[in-house]
Amino acid sequence: MLFNAKFGILDLQNGKMEYIRAHTKDTGFYAMGALVSVFAGAHFRYFFLLIALVQGYALMKLYRKYSEDYWLAMFIFVASTDYLSWMYNGIRQFFAVAITLHAFEPIVRKKYVKAGIIIAFASLFHQSALMMLPIMFIVQGRPWNWKTLLVIGGAVAAMSFSGVFTDTLDNLLSDTQYRNVVSDWRYGGDDGTNPIRVLVYSVPTILSLFCRRKIIKDGGRVVCIACNMGIISMALYLVSMVTSGIFIG
């Protein structure tokens, strides 16, 4: 559909990108599709190839630089089958994630302006990338510090008062592109993320709690940030368990 001239992806005669202007949601992704169509025409395979290259390169670069065992890291990513739900099903979302991954090094070095620019660019492809702006400050410091404990406390409160949390979230999103998500997950009967999935994803975070002293002593800044990222991920998954597995998860 992206490359079918019938739908007015790119009006070359008038120099107008009608297709882009017709989308107010994450316009960067649709602008990229329109630009690719200029060179590739209706060959959508080139569009998906570009997306796969951007996603794959971002992952390989990150694992190559920071993993103790690069091939094991890649194997776990593939064997976990997460690549199916991320790179295939959530193409637009994960494209933004791939761009955001380039902000990891600036976050480690506390170069927040550079990281913020990368995150802002990623938000053009999926606005949820903006969540990383406060998170890049929260994850600094030792694992299980007071900031991450506040995040966990907020998650527990959201779980305890899920109805209030859902109504509040609905009000907060009312003027954004996600204004319909709460009603959508309620209408669709989304009963949240499977607790087993939450438990599996929480294993590294649970281990980091028991190994906290060793991580602080020998882990270094990268490992500490990774642990704190895991804590935030676990907190979000706990909330998704009692709300929406599709949206929050």
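For the structure given in this document, a descriptive report is provided here. (Residues numbered from 1 in each chain as written. Predicted model: local features only at pLDDT ≥ 70, side-chain atom pairs only at ≥ 80, totals over all residues. Heavy atoms only, no water.)

## Some thoughts on the overall build of the protein
Assigned secondary structure in the protein consists of 14 helices and zero strands. Reading the secondary structure of the protein in the N-to-C direction produces α-α-α-α-α-α-α-α-α-α-α-α-α-α. A total of 249 residues make up the protein; the buried ones form 39% of that total. Looking at the protein as shown, the accessible area adds up to about 15,100 Å², and 65% of this sits on carbon and sulfur atoms. (Helix = DSSP H or I, 4+ residues; strand = E, 2+ residues; numbered from the N terminus. Buried < 20%, exposed > 50% of the residue type's maximum accessible area, 1.4 Å probe, protein only. Areas by Shrake-Rupley, 256 points an atom, 1.4 Å probe, with all protein chains shown as cover.)

## Quick word on helix H4 (residues 70-79)
Looking only at H4, the buried set comprises Tyr-70, Ala-73, Met-74 and Phe-77. Projected down its long axis, H4 shows its buried positions confined to an angular sector of 95°, all on one face. The exposed residues of H4 that point more than 90 degrees off its buried face are Trp-71 and Phe-75. One side-chain oxygen of the residue at the start of H4 lies 3.3 Å from the amide nitrogen of Trp-71, identifying that residue as Asp-69. Once H4 finishes, Thr-81 follows within two positions and takes phi at roughly 65°, a positive value. (Arc of directions from axis to C-beta. Polar contact = N/O pair within 3.5 Å; in protein donor to acceptor, adjacent residues only side chain to side chain.)

## Section: the packing of aromatic side chains
Tallied over the full model, the rule gives 13 aromatic pairs. Between Phe-77 and Trp-86, the ring centres sit 5.8 Å apart and the planes meet at 45°, which makes this aromatic pair tilted. For Phe-77, a relative accessible area of 6% gives the class buried. An aromatic cluster of at least three residues, connected via ring pairs, comprises Phe-29, Tyr-30, Phe-47, Phe-48, Phe-95, Phe-121 and Phe-125. Here Arg-64 stacks its cationic end above the ring of Tyr-70, 4.0 Å away from the centre of that ring. (Phe/Tyr/Trp six-rings, centres within 6.5 Å; stacked < 30°, edge-to-face > 60°. Lys NZ or Arg CZ within 6 Å of the ring centre and 35° of its normal.)

## Re the nonpolar core
Core analysis: the largest hydrophobic core is formed by 29 residues, its most contacted members being Phe-29, Met-32, Ile-51, Ile-107, Phe-125, Val-139 and Ile-225. With five residues, helix H2 (residues 27-40) is the single largest residue contributor to this core. Here Phe-125 is in contact with Asp-26, Gly-28, Phe-29, Met-32, Arg-92, Phe-95, Ala-96 and Ile-99, once residues within four sequence places are set aside. Counting residues in hydrophobic clusters, the runner-up holds eleven residues, among them Ala-155, Leu-169, Ala-235 and Ile-248. (Core = buried A, V, L, I, M, F, W, Y, C linked by side-chain atoms within 4.5 Å. Contact = heavy atoms within 4.5 Å.)

## Looking at a nonpolar patch on the surface
A contiguous nonpolar patch, built from Leu-199, Ile-206, Leu-209 and Phe-210 and spanning about 430 Å² of accessible area, is present on the exposed surface. Counting through the fold element by element, Leu-199 comes out in helix H13 (residues 195-210). (Patch = residues over 30% accessible without salt bridge, like charges linked within 9 Å, V, L, I, M, F, W, Y side chains within 5 Å. Salt bridge = Lys/Arg side-chain N within 4 Å of Asp/Glu carboxyl O.)

## Observations concerning unusual backbone geometry
Here Lys-110, not a glycine, exhibits a phi torsion of approximately 60°, which is positive. The phi dihedral of Trp-144 is positive, around 60°, even though this residue is not glycine. Locating Trp-144 in the fold gives a position in the loop between helix H9 (132-138) and helix H10 (146-160). Residue Trp-144 is classed as buried on the basis of its relative accessible area of 13%.

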